[in-house]
Amino acid sequence: MLKAKDIMNTNVITVTPEMSVEELGRLFIKNNISGAPVLDDNRNLFGIVTENDLIKQNRRFHIPTLVRLFDAMIPLEGFSTAEAEIRRMSAAKVSEICTTAVITVETETSLQDIATIMSEKGVHHIPVLSSGRLVGIIGKIDIIK
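Small disclaimer: the values here were computed from a predicted structure and weren't measured.

Asks: Pulling in residues and values, what's your account of the overall build of the protein chain?
Replies: Secondary structure assignment for the protein chain yields 6 helices and 7 strands. Partitioning the contacts of the protein chain with sequence separation of at least 6, the portion at a separation of at least 24 is 56%. Summed over its atoms, the accessible surface of the protein chain is roughly 9300 Å², and 52% of this surface lies on carbon and sulfur atoms.

Here it is as structure tokens:
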């Protein structure tokens, strides 16, 4: 049975939380990658950033619907996410756009479990850890291979 250690890419390109979004885009293009783990100064996994995170910066902003009742403005929908969306769209650093709740696997995780996680969680890149340290990454193409 194939395991994470058998299919993972060990030549992992990583980025830092302080890297600019512009540098990140250039890195993705130069290396023909669609995502990268984000490591802090101690080489601990901080998050993961993907091309989808970059694309979200350029999407159309949805203005929350407000209703005026007497002298008050009452939000009907989308108001609670508007501030976070504005922050994300104006982000300058990787730390402002990356996902910090990262789904990871260990080197001994089975291929079937990895495929299930990718499918059910809708993730396309899964960092592989050993003793809490990044040792590889698995992308959709690695499952297909």
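Asks: Account for helix α2 (residues 21-31), naming residues and giving values.
Replies: Turning to α2, its buried residues are Val-21, Leu-24, Gly-25, Leu-27 and Phe-28. The buried residues of α2 occupy one face: seen down the axis, they fall within an arc of 160°. Those residues of α2 that are exposed and angled more than 90 degrees off the buried face are Glu-22, Arg-26, Ile-29 and Lys-30. At its buried positions, α2 is contacted by β1 (35-39), β2 (45-50) and α3 (51-56). Immediately downstream of α2, the backbone of Asn-32 shows phi near 50°, a positive value.

Asks: Any details on the sheet that holds strand β7 (residues 133-139)? Residues and values, ideally.
Replies: Reading across the sheet, the 3 strands line up as β5-β6-β7 and stay open at both edges, with mixed pairing between neighbours. Looking at which strands have only one partner, the edges of the open sheet turn out to be β5 (105-106) and β7. The pairing of strand β6 (residues 125-130) with β7 spans 6 bridges and is antiparallel. Within the sheet, the bridge partner assigned to Ser-130 lies in β7 and is Arg-133. The sheet contacts of helix α5 (residues 111-121) involve β5, β6 and β7, and relative to β6 the element is tilted by about 135°.

Asks: Break down the pairing of β6 for me, citing the residues and quoting the values.
Replies: For β6, the tally of buried residues reaches 5 of 6 residues, placing the bulk of the element in the interior. Across 2 bridges, the pairing between β5 and β6 is parallel. Counted as the bridge partner of Val-105 is Val-128 from β6. Between the antiparallel neighbours β6 and β7 lie 2 residues, among them Ser-131 with a positive phi of about 55°.

Asks: Describe the pattern of salt bridges, and please don't skip the residues or the numbers.
Replies: This structure, assessed with the given rule, holds 4 salt bridges. Across the pair Glu-108 and Lys-5 runs a salt bridge whose closest N-O atoms are separated by 2.8 Å. Linking Glu-108 in the loop between β5 and α5 with Lys-5 in helix α1 (residues 4-7), this pair joins segments that are 103 residues apart in sequence. Looking at Lys-5, the relative accessible area reads 43%, which means it is partly exposed. Linking Lys-93 and Glu-18 is a salt bridge whose minimum nitrogen-to-oxygen distance equals 3.0 Å. Pair noted here: Lys-93 is in the loop between α4 (79-89) and β5 and Glu-18 is in the loop between α1 and α2, with a separation of 75 residues, a long-range link. For Lys-93, a relative accessible area of 30% puts it in the partly exposed group. Owing to a relative accessible area of 54%, Glu-18 belongs among the exposed residues under this scheme. By sharing partners, the salt bridges in this structure join Lys-3, Lys-5 and Glu-108 into a single network.

Asks: Got a sec to walk through the side chain of Thr-109? Specific residues and values, please.
Replies: Mapped onto the secondary structure, Thr-109 falls in the loop between β5 and α5. Taking relative accessible area as the criterion, Thr-109 reaches 17% and is therefore assigned buried. One polar contact links the side chain of Thr-109 to the main-chain carbonyl oxygen of Glu-106, over a distance of 3.0 Å. Setting aside chain neighbours within four positions, we find Thr-109 in contact with Lys-3, Ala-4 and Ile-114.

Cut-offs applied
- Residues numbered from 1 in each chain as written.
- Predicted model: local features only at pLDDT ≥ 70, side-chain atom pairs only at ≥ 80, totals over all residues.
- Heavy atoms only, no water.
- Helix = DSSP H or I, 4+ residues; strand = E, 2+ residues; numbered from the N terminus.
- Contact = heavy atoms within 4.5 Å.
- Areas by Shrake-Rupley, 256 points an atom, 1.4 Å probe, with all protein chains shown as cover.
- Buried < 20%, exposed > 50% of the residue type's maximum accessible area, 1.4 Å probe, protein only.
- Arc of directions from axis to C-beta.
- Pairing = 2+ DSSP bridges.
- Axes fitted to C-alpha atoms, helices over the stretch in contact; angles between N-to-C directions.
- Salt bridge = Lys/Arg side-chain N within 4 Å of Asp/Glu carboxyl O.
- Polar contact = N/O pair within 3.5 Å; in protein donor to acceptor, adjacent residues only side chain to side chain.

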